[in-house]
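Chain by chain, the residues:
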Amino acid sequence: MTSVPDLAEPVAGWRVWDLAETREGPLLVSPLRPVFWPPRRPMTATCSRGCAPSPSLPCRCGLYAMDELPRLHRESRGQGRVVGCTALWGRVVEHAHGFRAQFAYPLLLFLLPAGRPGVSQRLLRRRPLPDVGYGLPAATEVSSASPAEPARRLKQHYGVPVVVPSGSPADGYFPDDRLAGAVAAEAVRGLAGRREGDHTAHARFADAVEDLVGRRW
Amino acid sequence: MNIDRPVRELLVEPVVSPLPDGDPAGAPRSDGPDVRVPGPDVARRPDDPGAASPARV
Ligand SMILES: [Zn+2]
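The structure contained in this document is the topic of the report that follows. (Residues numbered from 1 in each chain as written. Chains lettered and ligands numbered in written order. Predicted model: local features only at pLDDT ≥ 70, side-chain atom pairs only at ≥ 80, totals over all residues. Heavy atoms only, no water.)

## Section: the coordination of the zinc ion
Put simply, a metal with four donors set out as a tetrahedron has ideal angles of 109.5 degrees, and one with six donors set out as an octahedron has ideal angles of 90 or 180 degrees. Here the zinc ion is held by the protein donor atoms Cys47 of chain A (SG), Cys51 of chain A (SG), Cys59 of chain A (SG) and Cys61 of chain A (SG), which lie 2.2 to 2.4 Å from it. One can describe the donor arrangement at the zinc ion as tetrahedral, given that its 4 donor atoms subtend angles of 105 to 113° at the metal. (Donors = N, O, S within 2.8 Å, 3.2 Å for Na, K, Ca; no water. Tetrahedral: all angles 85-135°; square planar, octahedral: opposite > 155°, others 65-115°.)

## Focus: the packing of aromatic side chains
All names here are of chain A. A full pass over the atoms with the stated rule returns 4 aromatic pairs over all chains. Ring geometry for Trp89 versus Phe103: centroids 6.0 Å apart, planes at 25°, classification stacked. With a gap of 14 residues between them, Trp89 in strand S7 (residues 82-95) and Phe103 in strand S8 (residues 98-111) connect regions that are remote in the sequence. Residue Phe103 is classed as buried on the basis of its relative accessible area, which comes to 2%. (Phe/Tyr/Trp six-rings, centres within 6.5 Å; stacked < 30°, edge-to-face > 60°. Helix = DSSP H or I, 4+ residues; strand = E, 2+ residues; numbered from the N terminus. Buried < 20%, exposed > 50% of the residue type's maximum accessible area, 1.4 Å probe, protein only.)

## A few points about the nonpolar core
The biggest cluster of nonpolar side chains holds 57 residues, and the ones touching the most others in it are Trp14, Leu28 and Val83 of chain A. With 10 residues, the top contributor of residues to this core is S8 of chain A. (Core = buried A, V, L, I, M, F, W, Y, C linked by side-chain atoms within 4.5 Å.)

## Here's the deal with the pattern of salt bridges
Residues and elements named next belong to chain A. Under the counting rule described, the total for this entry stands at 9 salt bridges over all chains. The salt bridge involving Glu149 is made with Arg153; its shortest N-O contact spans 3.7 Å. Of the two residues, Glu149 and Arg153 are both situated in helix H3 (residues 148-158); the distance of 4 residues between them amounts to about one turn of the helix. One network of salt bridges, with partners in common, ties together Glu21, Glu149, Arg152 and Arg153. (Salt bridge = Lys/Arg side-chain N within 4 Å of Asp/Glu carboxyl O.)

## Re the environment of Leu108 of chain A
Residues and elements named next belong to chain A. Along the polypeptide, Leu108 turns up in strand S8. Spatially, the C-alpha atoms of Leu108 and Tyr158 are 9.9 Å apart, while their sequence positions differ by 50 residues. With residues near it in sequence (within four places) discarded, Leu108 still touches Val83, Gly84, Cys85, Pro161, Val163, Val183, Phe205 and Val209. (Contact = heavy atoms within 4.5 Å.)

## Topic: unusual backbone geometry
Following Ala52 of chain A, the chain continues into Pro53 of chain A via a peptide bond in cis, with omega recorded as 0°. Each neighbour pair has its own omega, and for Ser54 of chain A with Pro55 of chain A the value is 5°, a cis peptide bond. Considering the arrangement of structural elements, one finds Pro55 of chain A in the loop between strand S5 (43-44) and strand S6 (63-66). Not every positive phi belongs to a glycine, and Asp4 of chain B is a case in point at roughly 70°. Turning to its location among the elements, Asp4 of chain B is positioned in the segment before strand S1 (6-12).

## A short note on helix H4 (residues 177-195) of chain A
All names here are of chain A. Compared with an ideal rise of 1.5 Å per residue, which puts 19 residues at 27 Å, H4 spans 27 Å between its outermost C-alpha atoms and is within 8% of the ideal. Inspection of H4 places Ala180, Val183, Ala184, Glu186, Ala187, Gly190, Leu191, Ala192, Gly193, Arg194 and Arg195 among the buried residues, and these make up the whole buried set. Following H4 by one or two positions, Gly197 adopts a phi angle in the positive range, close to 90°. (Expected span 1.5 Å × (residues − 1).)

Rendered as structure tokens:
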């Protein structure tokens with residue numbers, strides 16, 4: 001192990017979230033703990049063991065994402081209402097099958113149908129979502145049967161494409177692997193392009209999503 | 001989420017925001033890092049002691 005991290009190209013991974021409804025809009029919530037990902041700001045890792053910055057290689061802290069969607073599908077076991085590809089940056093610990101990152105923000109979200117397990121009400125009761133200035137009321141699970149309206153509001157709140165995949169109960173409504181992988185690859189290319197000062201990269205990513213998914217998000 | 005064993009540490013440049021450009025809702029807030037101008041020193045920013053402290057999120 002080297003003590004000097006490598007500089008790396010853009011990194012993106014796959015993960016799931018629960019979805020909580022608040023007065024300010026829908027929030028992505030970690031399925032592991034009642035911690036929400038803030039809209040339009042980077043999610044930042046912290047560590048209860050004091051890693052600064054988090055994550056560190058020997059610890060288990062950080063923002064988790066898997067390297068491949070099929071692996072996430074197998075691992076998530078029906079957990080989460082939202083599946084997404086997220087950009088990862090800052091300090092990143094690469095694992096054999098995924099990443100732990102210091103900063104993250106979603107690039108693309110797939111909203112799965114209601115009826116799947118939502119945010120854990122037991123966890124929320126035990127430890128309310130932290131108030132970071134949104135004046136959050138007690139969060140509740142987004143339970144609307146039709147995904148169109150929650151998808152629209154999720155897109156508006158986080159400013160990223162939100163797609164309702166046309167999956168089936170048999171596959172957990174997960175998005176198609178090849179389609180999702182192609183979108184993620186385009187997202188990473190877009191990040192690289194924007195890093196190089198290409199201000200049209202975001203628009204190209206939006207176009208690519210539309211081309212690949214077959215509809216305007 | 002089982003991501004298996006750690007392999008290596010990377011430092012991924014925080015040069016570009018993943019957020020859409022030109023969105024006023026992405027303006028800086030007083031209670032968190034600025035999305036638009038993370039800057040090259042973002043990897044050295046100390047943790048926010050007021051934030052939640054997940055071991056893994
Ligand atoms: Zn740690």
